[in-house]
Amino acid sequence: MTERRLATDAEAKALASALRLRILRICLEEPHTNKEIAAILGRDPASVLHHTRTLVRTGFLEAQEERRGARGAREIPYLATRKSWHLESPALEKSMLDAFLEELALVPATEAEGTRMALRLPPPQMGEFRTRLKDLLEEFAARPEDPAAPAWSLFMVVHPDPNRP
């Protein structure tokens, strides 16, 4: 299991934005320019540029080799460094949920599969469940990506059930 370190204040602030987390996912496998990112998000490029610069400054995005656009304009594509995968931050949990909900709203309901369940396990068994679940997720995350395969997203939360004290 990968050990995570506590995010610095600047890193935590950068990750506290659902929009920034979406930018990281957009740039995860292939680099995109600020203009391309803005188009994917349906946002103004000037607004997105502020977020892109914050992610670059905190090491979550890395500028790639400059290229020329269709009209000869200078373009800088950005690629995610995957640094966020190794950090813990209380603000990250809420922004991850917000980013997930924004993305899920863009997917047709027939293409999303959800499961919700309730467990009542003694602490040692709950610890085993959490460990095995994390190990399974990390095992699949470590597999080489197939560029020809469809991209999938997964969001999971384990929490105490306030409805069943």
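Right, let's walk through the structure included here. Quick caveat: nothing in here was measured; it's all calculated off a predicted structure.

### A look at the sheet that holds strand β6 (residues 77–80)
- The strand order across the open sheet built from three strands is β2-β6-β3, with neighbouring strands paired in antiparallel fashion. Strands at the two margins of the open sheet, each flanked by one partner only, are β2 (32–33) and β3 (61–63).

### Examining helix α4 (residues 45–57)
- For α4, with 13 residues, the first-to-last C-alpha span of 18 Å sits near the 18 Å given by 1.5 Å per residue.
- Looking at α4, one finds that the buried residues are Val-48, His-51, Thr-52, Thr-54 and Leu-55. The arc that holds every buried residue of α4, seen down its axis, measures 160°, which confines them to one face. Projecting away from the buried face of α4 at angles above 90 degrees are the exposed residues Ala-46, Arg-53 and Arg-57.
- Elements that come into contact with the buried residues of α4 comprise α1 (9–15), α2 (18–26), α3 (34–41), β3 and β6.

### Thoughts on the side chain of Arg-22
- Here Arg-22 is to be found in helix α2.
- Excluding its chain neighbours within four sequence positions, the residues that come into contact with Arg-22 are Leu-41, Ala-99, Glu-102, Glu-103 and Leu-106.

### Description of the packing of aromatic side chains
- Following the criterion strictly, the structure yields one aromatic pair and no others.
- With 4.9 Å between their ring centres and 20° between their planes, Phe-100 and Phe-155 make a pair best called stacked. Of this pair, Phe-100 sits in helix α5 (residues 90–104) while Phe-155 is found in the segment after α6 (123–141), placing the two residues 55 residues apart along the sequence.
- Given a relative accessible area of 22%, Phe-100 falls into the partly exposed group.
- Phe-155 gets classed as partly exposed once you look at its relative accessible area, which sits at 24%.
- Across from the ring centre of Phe-140, 3.9 Å away, lies the NZ or CZ of Arg-143, which sits over that ring.

### Structural notes on the nonpolar core
- Residues Ile-23, Leu-24 and Leu-61 are the most contacted members of the largest nonpolar core, which totals 24 residues.
- Elements supplying a minimum of two residues to this core: α1, α2, α3, α4, β6 and α5.
- Broken down by element, the residue count for this core peaks at six residues, all from α2.
- Non-local contacts of Leu-61, meaning those with residues more than four positions away in its chain, are made with Ile-23, Leu-24, Cys-27, Thr-52, Leu-55, Val-56, Tyr-78, Leu-79, Ala-80 and Thr-81.

### Points about the side chain of Glu-11
- For Glu-11, the location among the structural elements is in helix α1.
- A polar contact of 2.7 Å, which involves the side chain of Glu-11, links it to the side chain of Lys-83.
- If we ignore the near neighbours within four places in the chain, the residues touching Glu-11 are Arg-5, Thr-58, Phe-60, Lys-83 and Leu-87.

Here is what the cut-offs are and how they apply
- Residues numbered from 1 in each chain as written.
- Predicted model: local features only at pLDDT ≥ 70, side-chain atom pairs only at ≥ 80, totals over all residues.
- Heavy atoms only, no water.
- Pairing = 2+ DSSP bridges.
- Helix = DSSP H or I, 4+ residues; strand = E, 2+ residues; numbered from the N terminus.
- Expected span 1.5 Å × (residues − 1).
- Buried < 20%, exposed > 50% of the residue type's maximum accessible area, 1.4 Å probe, protein only.
- Arc of directions from axis to C-beta.
- Contact = heavy atoms within 4.5 Å.
- Phe/Tyr/Trp six-rings, centres within 6.5 Å; stacked < 30°, edge-to-face > 60°.
- Lys NZ or Arg CZ within 6 Å of the ring centre and 35° of its normal.
- Core = buried A, V, L, I, M, F, W, Y, C linked by side-chain atoms within 4.5 Å.
- Polar contact = N/O pair within 3.5 Å; in protein donor to acceptor, adjacent residues only side chain to side chain.

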